[in-house]
Amino acid sequence: MMQTSGKSSRGRGDSRRNPKLGATVRDRIAEVLRDEIISGKLSKGMRIDLDETAAELGTSRTPVREACLVLVHEGLVEVAPRTGVSVVGLTPRDVEDNFALMAVLSGTAAAWASERGTPEQHKEIRLLSDEVRAAADAGGDIRTANFLFHRAINRASNSARLLILLRQTGRLIPTSYFDMIPEQASCALREHDDIVAAVIAGDPEKARRLSEEHLVRAGRAFVLRMFGERESSAVEKSG
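The following refers to the structure shown. (Residues numbered from 1 in each chain as written. Predicted model: local features only at pLDDT ≥ 70, side-chain atom pairs only at ≥ 80, totals over all residues. Heavy atoms only, no water.)

1. A look at a positive patch on the surface
Alright, step 1. A contiguous patch of positive charge, built from R151, R155, R167 and R171, is present on the exposed surface.
Alright, step 2. When you line up the elements, R151 lands in helix α6 (residues 142–156). (Patch = residues over 30% accessible without salt bridge, like charges linked within 9 Å, V, L, I, M, F, W, Y side chains within 5 Å. Areas by Shrake-Rupley, 256 points an atom, 1.4 Å probe, with all protein chains shown as cover. Salt bridge = Lys/Arg side-chain N within 4 Å of Asp/Glu carboxyl O. Lys, Arg positive; Asp, Glu negative; His and termini not counted. Charge placed at Lys NZ, Arg CZ, Asp CG, Glu CD. Helix = DSSP H or I, 4+ residues; strand = E, 2+ residues; numbered from the N terminus.)

Right, here's the structure in full:
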């Protein structure tokens, strides 16, 4: 995706825009745009044309406008009288902070899953971990398999409050992570195995530590891919 003169550069037939079903039209559009901003497909200064976006997603202009207002509150876009909706953009520090926040919550979920999870929930976690590996080996849908695996751990925390925070913070993590960094899959699989073992063994501190490290490493790899070695190194030094 190329940026041209600060305007959206997508053609109307961009197949990468694939909003999920099961939510309101506004929320589905917000999810698509949010992921494109977080993953860098929509970069700082690019304009989001409401009519063009509506045509691409097969909807009317109103839910697109409402979705953009959601993103305004999240600090991802801004609205100006003359220029319309434009992307605020993310810095390397923003991206790494997003992953760090998710790491803390995911670590808590894993720790509580090890203490509060039922045998049935632990069995599901192991099975879904195997499905992530199977998807990776077969070149399948690792994105969905990975989501279901982490969701199972989160649910096994048996904390409604924690699940709410995880859903809110999880919006800041790009769903297209493995599409952008497919080589991270093998590393993720090894880390998943260790996390599963700690959860099932009932070792909350180890489960917490491994889960936090898993997300922090993923964040650093993503910053490196998005911004390059120089920016990634600068974030680490300043941190």
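2. Topic: helix α1 (residues 25–38)
Alright, step 1. Taking 1.5 Å of rise per residue, the 14 residues of α1 would be expected to cover 20 Å, and the 20 Å separating its terminal C-alpha atoms lies within 8% of that figure.
Alright, step 2. Within α1, ten of the 14 residues are buried, leaving the element largely enclosed by the surrounding structure.
Alright, step 3. The complete set of buried residues in α1 reads R28, I29, A30, V32, L33, R34, D35, E36, I37 and I38.
Alright, step 4. Downstream of α1 by one or two residues, G40 has phi in the positive range, about 90°. (Expected span 1.5 Å × (residues − 1). Buried < 20%, exposed > 50% of the residue type's maximum accessible area, 1.4 Å probe, protein only.)

3. A word on the packing of aromatic side chains
Each aromatic ring pair is specified by the distance between its two centres and by the angle formed by the two planes.
Alright, step 1. Taken as a whole and assessed by the stated rule, the structure comprises four aromatic pairs.
Alright, step 2. Residues F99 and F222 carry aromatic rings whose centres are separated by 5.9 Å and whose planes lie at 40° to one another, so their mutual orientation is tilted. Taken as a pair, F99 in helix α4 (residues 92–116) and F222 in helix α10 (residues 204–238) lie far apart in primary sequence, 123 residues in all. The two residues F99 and F222 agree in class, both being buried.
Alright, step 3. Among the aromatic residues, ring-to-ring pairing joins F99, Y177, F178 and F222 into one connected group. (Phe/Tyr/Trp six-rings, centres within 6.5 Å; stacked < 30°, edge-to-face > 60°.)

4. A few points about the pattern of salt bridges
Alright, step 1. Within the structure shown, the criterion is met by eleven salt bridges.
Alright, step 2. A salt bridge links D27 to R26; the shortest N-O distance between them is 2.9 Å.
Alright, step 3. D27 gets classed as partly exposed once you look at its relative accessible area, which sits at 31%.
Alright, step 4. With a relative accessible area of 34%, R26 lands in the partly exposed category.
Alright, step 5. Here R217 makes a salt bridge to E191, at a shortest N to O gap of 2.8 Å. Of the two residues, R217 is situated in helix α10 and E191 in helix α9 (residues 184–200); the sequence distance between them amounts to 26 residues.
Alright, step 6. The class of E191 is buried, set by a relative accessible area of 11%.

5. Here's the deal with the packing of α1 against helix α3 (residues 61–73)
Alright, step 1. Relative orientation of the contacting elements α1 and α3 amounts to 55°, with a least axis distance of 8 Å. For the element pair α1 / α3, the angle class is oblique. When you trace α1 past α3, the crossing you get is right-handed. Here V25, R26, I29, A30, L33, R34 and I37 of α1 come into contact with α3, specifically with P63, V64, E66, A67, C68, V70 and L71.
Alright, step 2. Split by residue class, the contact of α1 with α3 holds eleven nonpolar, no polar and three charged. (Axes fitted to C-alpha atoms, helices over the stretch in contact; angles between N-to-C directions. Parallel < 35°, antiparallel > 145°, perpendicular 65-115°, else oblique. Left-handed = near helix turned anticlockwise from the far one by under 90°. Contact = heavy atoms within 4.5 Å. Nonpolar A, V, L, I, M, F, W, Y, C, P; charged D, E, K, R; others polar.)

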